Amino acid sequence: MSASIVEYQSENHIATITLNDPKSLNAFSTPLKNSVLKTLEQAESDDDVRVIVLQGAGGNFSSGGDIKEMLSEGIDKEVISNKLKGMVEGAGEVSLKLRKIHKPIIAKLEGAVAGAGMNLALTCDFRITADNAKFVQAFVHIGLVPDAGGVYLLNQLIGPAKTTELVMLGDKISAQDMADLNLVNQVVSPEALDAAVLKLASRLTALPGKALSSMKHMLNTHAYSGLNEALDMEVHQQARLAKTDDFIEGVTAFIEKRKPVYQGK
């Protein structure tokens with residue numbers, strides 16, 4: 001198979017979806033979003049697939065939204081607002097798809113896990129991370145609110161106080177910090193990451209698939225029923241904030257490499 005922006009492999013009842021744009025640290029562009037949705041649908045419809053693994057190529061999971069794409073049509077505020085609206089809607093589509101697929105999904109995390117990348121990982125059912133991973137809700141550094149369900153997911157998982165800290169300060173947090181917050185299931189060395197993910201995926205494939213599917217459906221009903229509304233609010237807020245000087249200044253600094261957004265502070 002020739003290299004593509006998202007790669008798909010299925011073996012031993014495990015579908016592996018790889019974000020494959022390492023030059024951008026697997027930034028979440030529109031082409032990548034479209035390919036992720038296509039491969040998720042492929043895994044969903046394949047009865048032989050019982051578990052899905054979502055990972056990134058090149059030693060990073062994802063640096064978040066593709067800021068260069070946001071500015072690809074210039075810096076006119078109305079143009080950027082419309083562009084960002086479409087990109088935020090796209091990230092939300094993937095979040096919903098990750099929840100609606102009634103098969104367990106494991107996020108395999110390493111390197112940069114930032115912004116929308118972090119929030120898509122939070123949407124998955126399991127998260128195993130290498131101890132070199134750096135997580136950040138980077139949105140505040142460019143004058144935006146989290147997308148891909150960020151505020152909603154964090155609030156559901158760790159409550160409003162810590163969510164406020166993570167999203168308003170936008171600091172980098174380590175893999176161990178994530179474990180201390182119960183936001184990841186396991187922290188391992190980079191060398192042990194593949195084996196740890198395979199061990200969990202293989203264990204899940206051996207369990208009753210219909211029971212796992214019903215459990216995910218129940219979790220969606222009881223723990224994630226407000227996700228649609230939260231995603232709609234994100235689209236409105238992002239489109240509004242994209243017209244502000246704070247956003248223009250923030251993304252311009254990123255493009256000029258004065259401020260690496262995915263790194264936080």
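This text goes with the structure placed above it.
This structure is a prediction, so every number in the text was calculated from the model and none was measured.

*Asks:* I'd like a rundown of the packing of helix 3 (residues 77-100) against helix 9 (residues 209-223), residues and numbers included.
*Replies:* Relative to each other, helix 3 and helix 9 sit at 130 degrees, their axes nearing to 9 Å. Viewed along their axes, helix 3 and helix 9 adopt a mutual orientation that is oblique. On helix 9, the residues that touch L98, R99 and K100 of helix 3 are K216, L219 and N220. Across the contact of helix 3 with helix 9, the residue classes tally to 2 nonpolar, 1 polar and 3 charged.

*Asks:* Any details on the pattern of salt bridges? Residues and values, ideally.
*Replies:* Using the criterion set out here, one finds 11 salt bridges in the structure. We note a salt bridge from E78 to K243, for which the minimum N-O separation is 3.3 Å. You can see E78 sitting in helix 3 and its partner K243 sitting in the loop between helix 10 (227-241) and helix 11 (245-255), a full 165 residues away along the chain. Overall, the relative accessible area of 44% leaves E78 in the partly exposed class. Linking K216 and D125 is a salt bridge whose minimum nitrogen-to-oxygen distance equals 2.8 Å. One end of the pair, K216, is in helix 9; the other, D125, is in the loop between helix 4 (116-123) and strand 6 (126-130), and 91 residues separate them in sequence. A network of salt bridges, in which partner residues are shared, links E69, E73 and K83.

*Asks:* Before we move on, could you go through the packing of aromatic side chains and cite the residues and values that matter?
*Replies:* Scanning all chains against the criterion turns up 0 aromatic pairs. We note R99 situated over the ring of Y224; from NZ or CZ to the ring centre the distance is 4.1 Å.

*Asks:* Residue-level account of the sheet that holds strand 5 (residues 112-114), with values.
*Replies:* A sheet is described by the order of its strands in space; here 3 strands give the open sequence 5-7-8, paired in mixed fashion. One side of each edge strand has no neighbouring strand; the edge strands of this open sheet are strand 5 and strand 8 (173-174). Two strands pair when backbone bridges link them, and strand 5 and strand 7 (residues 134-136) are joined in this way by 3 bridges, in the parallel orientation. From the neighbouring strand, V113 faces strand 7, where its bridge partner is F135. Against the sheet, helix 4 engages strand 5, strand 7 and strand 8, with an angle of about 85 degrees to strand 5.

*Asks:* Please provide a residue-by-residue account of unusual backbone geometry, values included.
*Replies:* Across the chain, the bulk of peptide bonds are trans and the bulk of non-glycine residues have phi less than zero. Look at L25: it is not a glycine, yet its phi comes out positive at around 60 degrees. Along the polypeptide, L25 turns up in the loop between strand 2 (14-19) and helix 1 (30-45).

*Asks:* For the sheet that holds strand 6, give the residues involved together with the corresponding values.
*Replies:* Here we have 6 strands laid out as an open sheet, ordered 1-2-3-4-6-9, and mixed in their pairing. Each edge of the open sheet is held by one strand with a lone partner, namely strand 1 (6-11) and strand 9 (186-188). Neighbouring strand axes in the sheet, compared pairwise and without regard to direction, differ in orientation by 20 degrees on average. Note: strand 2 against strand 3 (residues 51-56), 6 bridges, orientation parallel. Bridged to T18 within strand 3 is Q55.

Definitions and cut-offs
- Residues numbered from 1 in each chain as written.
- Predicted model: local features only at pLDDT ≥ 70, side-chain atom pairs only at ≥ 80, totals over all residues.
- Heavy atoms only, no water.
- Axes fitted to C-alpha atoms, helices over the stretch in contact; angles between N-to-C directions.
- Helix = DSSP H or I, 4+ residues; strand = E, 2+ residues; numbered from the N terminus.
- Parallel < 35°, antiparallel > 145°, perpendicular 65-115°, else oblique.
- Contact = heavy atoms within 4.5 Å.
- Nonpolar A, V, L, I, M, F, W, Y, C, P; charged D, E, K, R; others polar.
- Salt bridge = Lys/Arg side-chain N within 4 Å of Asp/Glu carboxyl O.
- Buried < 20%, exposed > 50% of the residue type's maximum accessible area, 1.4 Å probe, protein only.
- Phe/Tyr/Trp six-rings, centres within 6.5 Å; stacked < 30°, edge-to-face > 60°.
- Lys NZ or Arg CZ within 6 Å of the ring centre and 35° of its normal.
- Pairing = 2+ DSSP bridges.

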